[in-house]
Structure formats: C-alpha cells, structure tokens
Amino acid sequence: MAKILRANEMSKCLGCFACMQFCACVNKKNHSLQKSAIRIKAPGGISDRFVAVVCQGCSEPPCAEVCPSNALTPRKGGGVNQDPKKCIGCRRCENACMGHAITYDMEEHKPIICDHCGICANFCPHGCLNMQEVPD
C-alpha cells in the first residue's frame, strides 16, 4: 500500500524546523531551508500556531496535468513522481498547485516537490507529521 505525508498533529509543533532541515539535507544534499519540500509557517505571527505547507497528495494532480514535458507523473496513492531531466523549468506546476506546496529552486531552475519519502516525519521530534497508508 502507498503512503503519503500528513501533518495531522501540528498543534504539537514548536517551529524547530527539523523536518525542513532533514528534507533539504537528504533530498537536495543542501542545508538551506529554502531547498525543503515542506515549509513550516506561522500565518498569524510567531505567537500563532504553526502549519505545514506540503503536497496534499492529489489523486489527479493538477501539477502533472499542466506539465508540458511530462516531468511530473501521477504517483500511486497520490502526488507526483518527478523526473528532473525532463523538466524545462516552465513553473506551470507551481502555479497549478492548489495547496501552494510547490516552490521553485532558482539555482537549479526546477520545482521543489514533496515525493512523500517520509524523512521529515521520521525526524520530527514532536510527532507532528506522519506517513499514512492510502489505497493505490
């Protein structure tokens, strides 16, 4: 069974950004939080609770539908698989994402998209994130 990332316990989040740090380190071999596919924000300011902005695992992902080079393909269980070699850097996927979860890497000229690997959930010290089984 496929798994997707869920941020079901964000009331426990202290804003340590460990999830972002490990995502960037493991997936992009970079220590910059800007390279992370998950973003932790406090929309109402630092005294507000934190929210996770991450791929929602759409079953029919609009980001893949608008990709002219087929660099994004629907993934079993939701979300997309990304083939960076096919990406032409058009940014259509970024604009199509309804959850605003896709960011753009200005150095690589490629989108940063969560692949639901679970690294962020594994390293969240407060159990805010988890991998949830979903039907294929």
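Here goes a summary of the coordinates provided. If you're wondering where the values come from, they're calculated on a predicted model, not measured in any experiment. (Residues numbered from 1 in each chain as written. Predicted model: local features only at pLDDT ≥ 70, side-chain atom pairs only at ≥ 80, totals over all residues. Heavy atoms only, no water.)

### Considerations on unusual backbone geometry
- Phi angles above zero are rare outside glycine, and His-100 is one such case at about 55 degrees.
- Mapped onto the fold, His-100 is located in the loop between α3 (92-96) and β6 (103-105).
- A positive phi angle is found at His-116, which is not glycine, with a value near 60 degrees.
- In this fold, His-116 is placed in the loop between β7 (110-112) and α4 (119-123). (Helix = DSSP H or I, 4+ residues; strand = E, 2+ residues; numbered from the N terminus.)

### Quick look at the nonpolar core
- One finds Leu-5, Met-10, Cys-19, Ile-38, Ile-40 and Leu-129 to be the most contacted residues of the largest nonpolar core, which totals 20 residues.
- Elements that contribute at least two residues to this core include exactly α1 (18-28) and α4.
- Broken down by element, this core gets its largest block of residues, three residues, from α1.
- Here Leu-129 is in contact with Leu-5, Arg-6, Ala-7, Met-10, Cys-19, Ile-38, Ala-52, Cys-120, Ala-121 and Cys-124, once residues within four sequence places are set aside.
- Of all hydrophobic cores here, the second largest spans 13 residues; its members include Ala-64, Cys-67, Val-80 and Ala-101. (Core = buried A, V, L, I, M, F, W, Y, C linked by side-chain atoms within 4.5 Å. Buried < 20%, exposed > 50% of the residue type's maximum accessible area, 1.4 Å probe, protein only. Contact = heavy atoms within 4.5 Å.)

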